[in-house]
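Below, each chain spelled out in residue letters.
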Amino acid sequence: MLIEIPTADGNAEALVARPSTGPGPFPGVILYMDAFGLRPRIQDMAQRLADWGYVVLAPNVFYREGTAAELAPEMDMTTPEGREAAGSDAFPRVGRLTTDKALPDIDAWVDGLGRLDGVAPGPIGVFGYCMGGRLAVRTATAHPDVVAACGGFHGGGLATDAPDSPHLGLGNARARFVFGHADHDQSMGPDAVARLDEALDTAGLESANEIYAGASHGYSMADTSAFHAEPTERHFRELHDLLGRTLKV
């Protein structure tokens, strides 16, 4: 189902997925989409996690640019040409979602999750894909008293030279982190992975920060040509373990 969450810049759509069975209440989790937006693949992934026993909120982080339906790719992204064509519209939106816009939005997403019926009080989990990985880390560092689990998968730009790079805030975090990086990813190369690893260690955070060999950027998105089943299932296993160990103790 889609709901609306009020933000400082207007109402934003968000997808909500709930467990198919069980009385609840359930721990809450925020899923940050990739650049291609809210669409059936994100809904399927949200429901898979919900059926592990969570209420999952997936906000349209590009709400300033349009509704989920308006921004959804119209072409077949299972071919490289189709994915590239969809990216010509989607990727510029990522750059326009600057940190000064993202942080107030994050406050709204956390508040919105907590207001949903059936969400248990207590810690939450956050995770994201591609640029959504950055949003997940920023959520963990901006809300350390709430976020107990943070995951990022084929994320880009997590540890850069920019003064607002997400990794620079890890000293504020208290969450347990899991990262599954794409191999040969120009947006998150080995040097950046090492920089992130150092920041996690310096902050004293429990973490797994690994490169998935042979996995391309976008490997978890089954509706694109980047999809790779093996690392996708690996990320689901590691995410299942992360959330279970932090939110169901």
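See the structure shown above.
Predicted model, so just to flag it, every value in this text is computed and none were measured.

## Quick word on unusual backbone geometry
Of note, the amide linkage connecting Gly24 to Pro25 takes the cis form, showing an omega dihedral of 0°. The residue Pro25 is located in the loop between strand 2 (10-17) and strand 3 (28-32) in this model. In the Ramachandran plot, Cys130 falls in the positive-phi region, its phi being about 55° despite a non-glycine side chain. For Cys130, the location among the structural elements is in the loop between strand 5 (124-129) and helix 5 (131-142). For Cys130, a relative accessible area of 9% puts it in the buried group. Non-glycine residue His184 carries a positive phi angle of around 55°.

## A closer look at the pairing of strand 7 (residues 176-182)
The element strand 7 is extensively covered by neighbouring structure, given that 7 of its 7 residues are classed as buried. With burial as the criterion, each face of strand 7 is covered, one bearing Arg176, Val178, Gly180 and Ala182 and the other bearing Phe177, Phe179 and His181. Pairing geometry for strand 6 (residues 147-153) and strand 7, over 5 bridges, is parallel. Directly across from Phe153, in strand 7, lies its bridge partner Gly180. With 6 bridges joining them, strand 7 and strand 8 (residues 207-212) adopt parallel strand pairing. Of the residues in strand 8, the one forming a bridge with Gly180 is Glu210. Following the backbone out of strand 7, through helix 6 (residues 190-202) and into the adjacent parallel strand 8, one traces a crossover that is right-handed.

The rules we used
Within every chain, residues take consecutive numbers counted from 1 along the sequence as written. Local features are withheld for residues below a pLDDT of 70 in this predicted model, meaning they are given only at 70 or higher, and side-chain atom pairs are given and counted only at 80 or more; totals for whole chains, interfaces and linings count all residues. Calculation of side-chain values draws on the structure's entire complement of heavy atoms; hydrogens and water are dropped beforehand. We count a stretch as a helix when DSSP gives it H or I for four or more residues in a row; a strand needs E for two or more, and each element gets its number in order from the N terminus. The classification of residues rests on relative accessible area computed with a 1.4 Å probe and restricted to protein chains. Under 20% of the type maximum is buried, over 50% is exposed, and intermediate values are partly exposed. DSSP-based pairing: two strands are paired if at least 2 bridges between them are found. Whether a crossover is right-handed depends on one test, that the path from the first strand over the helix to the second runs clockwise when the strands point away from the viewer.

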